[in-house]
Amino acid sequence: MPTPVITLRQVSKVYTNGTVALQDMNMTIQEGEFVSLVGPSGCGKSTVLRLIAGLGNMTTGSIEWGQTLTENHKLAFVFQEPALMPWATVMDNVRLPLKLAGEPKHKADQDVLESLQLVGLRGFERSFPRELSGGMRMRVSIARALVTKPQVLLMDEPFGALDEITRSKLNSDVLELWQEKRWTVVFVTHNIYEAVYLSNRVVVMAARPGRVVADIPIDAPYPRSEEFRTSMLYNTYCREVSARLQEAMYGVDHHPPTFAAGRSR
Amino acid sequence: MMFDRFTSILTGWQDWLGSLLGLAERLPLHLPDWALPQLAATAGEKLRPQPTETRDPVLLPPAPRMSKWLNWDVVAPIVVGILFLVGWEVAVRLTGIPHYLLPGPILVGQTLVQEWGTLFPSLLITLQITVVAFFCATVSGLLISILFTQSKWIERSFFPYAVILQTMPIVSIAPLIIIWLRNNTFAAMVVCAWIVAFFPILSNTTLGLNSVDHNLLNLFQLYKANRWQTLIYLRLPSAMPYFMGGLRISGGLSLIGAVVAEFVAGTGGQRAGIAYQILISSFNLQVPRMFAALIMVTGLGILIFVSMSALSDKVLGQWHESATRREN
Ligand SMILES: Nc1ncnc2c1ncn2[C@@H]1O[C@H](COP(=O)(O)OP(=O)(O)O)[C@@H](O)[C@H]1O
Ligand SMILES: [Mg+2]
């Protein structure tokens, strides 16, 4: 029996300049799910994530949180840019959430090192962000998100700015960690292949106004190996998501025939 | 840009002077590179078993690198300077222009040496005014800019007055200030110099405190950081490069403010700064002495700029683009 963790009911967001970023959005995310949001640029994916995180107010509607969450440290956010403090070492950057929570340094350090271990960055504690590559900075950013042991992880196009090789490496690393830790993940991306490879479910959004147009379960077993990326099943899902996205962008006339089963709205 | 170029040249000078004088902790780094292996070799000699036939190639001293001393950013302006001084001296001698109109550089140099005893104490007084004013400007600029970022309303209400203070020509308000503070000339001078030096620090730091990466601000918000934590851990460090930029500008401006104030104050007061000496010399047509004093003020200005640049490099050294040399 799945437990809902985040439930969006009729959520709308109108920015002060009149942009309708979201209109009547409904979405339920179950505990332990890996859900990807895909959609054309400007369809409100970041807005959804920010609203879930409590950054900014929604215009109408409500977001409900499941009972299984503890009040503290339930959320972590990973931005598209690593958003590291350039004046602080890797260690200090990762320690930040604990420091803001008032945890003493010696107690925090254990968690920080553990978190760095998880993302494979032990040995870089004393480095400054500018000394690291783009992929490593992103890993620091992920380590910072993991250091509070969150139950829900929100990621907004975290690998959008990285090259393909680094991206696919980080994809499999995140997937591995997710299987181990069983967080609930909401993952925003504009990359269909990434979405299908990672997720239990892909939610397709359309723009103007931002809304959900399709919700496609990806019924493929985990762990998903590199072979999965070349499998028939994977391809079918990619085509399905791609077709939905085309519909969302250009209307129904353009869409190629649908190959996979999936419940769509 | 012109100014960037100028800054890099000055920084080049600063490095060069630093290495020449062995300033601060730069000293150990500026032992000629080739001397280090030798030192290591002599130190290791006693510990090492008696020499085998083959010498470790690492210990061979490589040829000394002259490029350090042939930095063209330093050499080119020196050459131009020397040519200019020689041309000046020759022109003065050939035309026989009287030295109360234009003294030659040699005479100026002699005067500088002769008058050092009277000029240098005056320079110290000016330096005192400058330092105190600069300190006040730094502290007040920093505190007020922090106040501004804590409340949009405070910024809205008071920033225009800071601008007005800045746009009023110091020469025109200095007499007023001197009249108001007639019992304390030193304080009057400091206030004048402070008015000039204060604004760049205020406006730069305010800009810096407000140019925080918005993702980091969101992150702080997400982790429920309070106002104080956001200020200490995020806003102040983000503003550091801007603040340092403000310091660089204001250092020089404090000196200019002090000199202008002294000029306006004229002969009043017993503690006479370097501007007073320039004024007196001009009344007495001691033009070489004017030149000597001018050189001293300029030297002081450069010294202030260079020390601020060094401070800035020191503080931002590890992380900011302006202070790091990228290896590409
Ligand atoms: N702070 C803001 N003020 C006004 N409009 C905004 C703001 N943020 C986003 N928008 C607008 O809302 C829409 C959705 O934006 P966003 O959620 O960032 O889309 P996405 O992340 O899917 O690209 C866009 O049209 C964008 O221009
Ligand atoms: Mg976005």
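These numbers were taken from a predicted model, which means no experiment stands behind them.

(A) Just the overall build of chain A, in detail. Scanning chain A from N- to C-terminus turns up seven helices and nine strands. The C-alpha radius of gyration of chain A comes to 19 Å, within 12% of the 18 Å expected for a compact globule of 265 residues. Considered along the principal axes of its C-alpha atoms, chain A spans approximately 60 × 45 × 40 Å. Partitioning the intrachain contacts of chain A with sequence separation of at least 6 by distance along the chain shows that 69% fall at a separation of at least 24. With 29 positive and 28 negative side-chain charges, chain A shows a spacing of 3 Å between the two charge centroids.

(B) Representation of unusual backbone geometry. Between Arg208(A) and the following residue, Pro209(A), the backbone shows a cis peptide bond with an omega angle of -5°. You can see Pro209(A) is positioned in the loop between β8 (201-206) and β9 (211-217). Each neighbour pair has its own omega, and for Tyr222(A) with Pro223(A) the value is -5°, a cis peptide bond. Mapped onto the secondary structure, Pro223(A) falls in the loop between β9 and α7 (232-250). Unlike most non-glycine residues, Arg182(A) shows phi in positive territory, near 55°. Mapped onto the elements, Arg182(A) comes out in the loop between α5 (164-181) and β7 (184-188). With phi around 55°, Lys224(B) is a residue other than glycine that occupies positive phi space. If you trace the backbone, Lys224(B) turns up in the loop between α8 (214-222) and α9 (227-265).

(C) Main features of the confidence of the model for chain B. Residues and elements named next belong to chain B. Scored by pLDDT, chain B comes out at a mean of 80, with 75% of its residues at no less than 70. Ranking the elements of chain B by mean pLDDT puts helix α2 (residues 35-45) last, at 41, and helix α4 (residues 105-150) first, at 93. Across residues 20-62, where pLDDT falls below 50, the model places 23 contacts with residues more than four positions away in sequence or in other chains. Per the prediction output, this complex has pTM 0.77; the corresponding ipTM is 0.86.

(D) Local environment of the domain arrangement of chain A. All names here are of chain A. Along its sequence, chain A is organised into domain 1 (1-74 + 153-163 + 178-265) and domain 2 (83-149). The C-alpha-based centres of domain 1 and domain 2 are spaced at 27 Å. Between domain 1 and domain 2 we count zero salt bridges in total. In this assembly, domain 1 and domain 2 are joined by zero residue pairs in polar contact (both at pLDDT 80 or more). Taken together, the residues of the side of domain 1 that touches domain 2 break down into six nonpolar, one polar and one charged.

(E) Focus on the sheet that holds β7(A). Residue and element names in this part refer to chain A. Reading across the sheet, the six strands line up as β5-β6-β7-β3-β8-β9 and stay open at both edges, with mixed pairing between neighbours. Strand pairing shows two members of the sheet lacking a second neighbour, β5 (75-78) and β9, which therefore form its edges. Each strand of the sheet is rotated relative to its neighbour by a mean of 15°, with strand direction disregarded. Note: strand β3 (residues 34-38) against β7, four bridges, orientation parallel. Paired with Ser-36 across the bridge in β7 is Phe-187. Of the strands in this sheet, β3, β5, β6 (152-156), β7 and β8 are in contact with helix α1 (residues 45-53), which crosses β6 at around 150°.

(F) Quick peek at the pairing of β5(A). Residue and element names in this part refer to chain A. Burial of β5 is two-sided: the residues Leu-75 and Phe-77 facing one way and the residues Ala-76 and Val-78 facing the other way are all buried. Relative to β6, β5 is paired through four bridges, and the arrangement is parallel. Bridge pairing in β6 places Phe-77 opposite Leu-154.

(G) Representation of the packing of α4(B) against α9(B) within the structure. All names here are of chain B. As a packed pair, α4 and α9 sit with axes 8 Å apart at the nearest point and diverge in direction by 145°. Crossing of α4 against α9: the hand is right-handed. The residues of α9 that touch α4, namely those facing Thr-126, Ile-129, Thr-130, Phe-134, Thr-138, Leu-142, Ile-146 and Gln-150, are Arg-227, Leu-231, Leu-236, Phe-243, Leu-247, Ser-250, Gly-251, Ser-254, Leu-255, Ala-258, Val-259 and Glu-262. Here the residues of the contact of α4 with α9 are counted per class, giving eleven nonpolar, seven polar and two charged.

(H) Helix α2 (residues 90-100) of chain A, seen in detail. All names here are of chain A. Of all eleven residues making up α2, nine are buried, and the element is well covered by its neighbours. Buried within α2 are the following residues: Val-90, Met-91, Asn-93, Val-94, Arg-95, Leu-96, Pro-97, Leu-98 and Leu-100. At the C-terminal side of α2, Gly-102 shows a positive phi close to 80°.

(I) Spotlight on the site of ligand 1. Residues and elements named next belong to chain A. In the vicinity of ligand 1, the residues found are Tyr-15, Asn-17, Thr-19, Ala-21, Ser-41, Gly-42, Cys-43, Gly-44, Lys-45, Ser-46 and Thr-47. At a separation of 3.1 Å, an oxygen atom of ligand 1 approaches a polar backbone atom of Gly-44. Within the side chain of Thr-47, one N or O atom sits 2.5 Å away from an oxygen atom of ligand 1. Within the complex, 65% of the 560 Å² of free accessible area of ligand 1 lies under protein. The element contributing the most residues to the shell around ligand 1 is α1, with three residues.

(J) Summary view of the environment of Glu114(A). Residue and element names in this part refer to chain A. Tracing the backbone shows Glu-114 in helix α3 (residues 105-118). On the basis of relative accessibility, which here comes to 40%, the residue Glu-114 falls in the partly exposed class. Counting along the chain gives 108 residues from Glu-114 to Tyr-222, while the straight-line C-alpha distance between them is 25 Å.

(K) Molecular detail of the pattern of salt bridges. All names here are of chain A. Applying the stated criterion across every chain, the model contains 19 salt bridges over all chains. Put simply, Arg-95 and Asp-92 hold a salt bridge, and the shortest N to O gap is 2.7 Å. A residue pair is termed a helical-turn pair when its members lie 3 or 4 positions apart in one helix, as Arg-95 and Asp-92 do in helix α2 at three residues. By relative accessible area, Arg-95 is classed as buried at 7%. Looking at Asp-92, the relative accessible area reads 30%, which means it is partly exposed. The residue Asp-111 makes a salt bridge to Lys-149 at a minimum N-O spacing of 3.3 Å.

(L) Layout of the interface of chain A and chain B. Taken together, the contact pairs 23 residues of chain A with 19 residues of chain B. For the chain A face of the interface with chain B, the top three residues by lost area are Trp87(A), Leu100(A) and Arg130(A), together amounting to 36%. Run the count over chain A and chain B and you get zero salt bridges. Elements represented by at least two residues in the side of chain A that touches chain B include exactly α1, β5, α2 and α4 (134-146) of chain A.

(M) Here's a closer look at the packing of α4(B) against helix α10 (residues 274-283) of chain B. Residues and elements named next belong to chain B. Relative orientation of the contacting elements α4 and α10 amounts to 135°, with a least axis distance of 7 Å. By the angle class used here, α4 and α10 are oblique. Counted together, Thr-118, Leu-119, Ser-122, Leu-123 and Thr-126 of α4 and Ile-274, Ala-275 and Gln-277 of α10 form the full contact between these two elements.

The rules behind the values
- Residues numbered from 1 in each chain as written.
- Chains lettered and ligands numbered in written order.
- Predicted model: local features only at pLDDT ≥ 70, side-chain atom pairs only at ≥ 80, totals over all residues.
- Heavy atoms only, no water.
- Helix = DSSP H or I, 4+ residues; strand = E, 2+ residues; numbered from the N terminus.
- Rg over C-alpha atoms; globule rule 2.2 N^0.38 Å.
- Contact = heavy atoms within 4.5 Å.
- Lys, Arg positive; Asp, Glu negative; His and termini not counted.
- Charge placed at Lys NZ, Arg CZ, Asp CG, Glu CD.
- pLDDT = per-residue confidence, 0-100.
- Domains from an automatic or database assignment.
- Salt bridge = Lys/Arg side-chain N within 4 Å of Asp/Glu carboxyl O.
- Polar contact = N/O pair within 3.5 Å; in protein donor to acceptor, adjacent residues only side chain to side chain.
- Nonpolar A, V, L, I, M, F, W, Y, C, P; charged D, E, K, R; others polar.
- Pairing = 2+ DSSP bridges.
- Axes fitted to C-alpha atoms, helices over the stretch in contact; angles between N-to-C directions.
- Buried < 20%, exposed > 50% of the residue type's maximum accessible area, 1.4 Å probe, protein only.
- Left-handed = near helix turned anticlockwise from the far one by under 90°.
- Near = heavy atom within 4 Å.
- Areas by Shrake-Rupley, 256 points an atom, 1.4 Å probe, with all protein chains shown as cover.
- Buried area = accessible area lost by both parts, 1.4 Å probe.
- Parallel < 35°, antiparallel > 145°, perpendicular 65-115°, else oblique.

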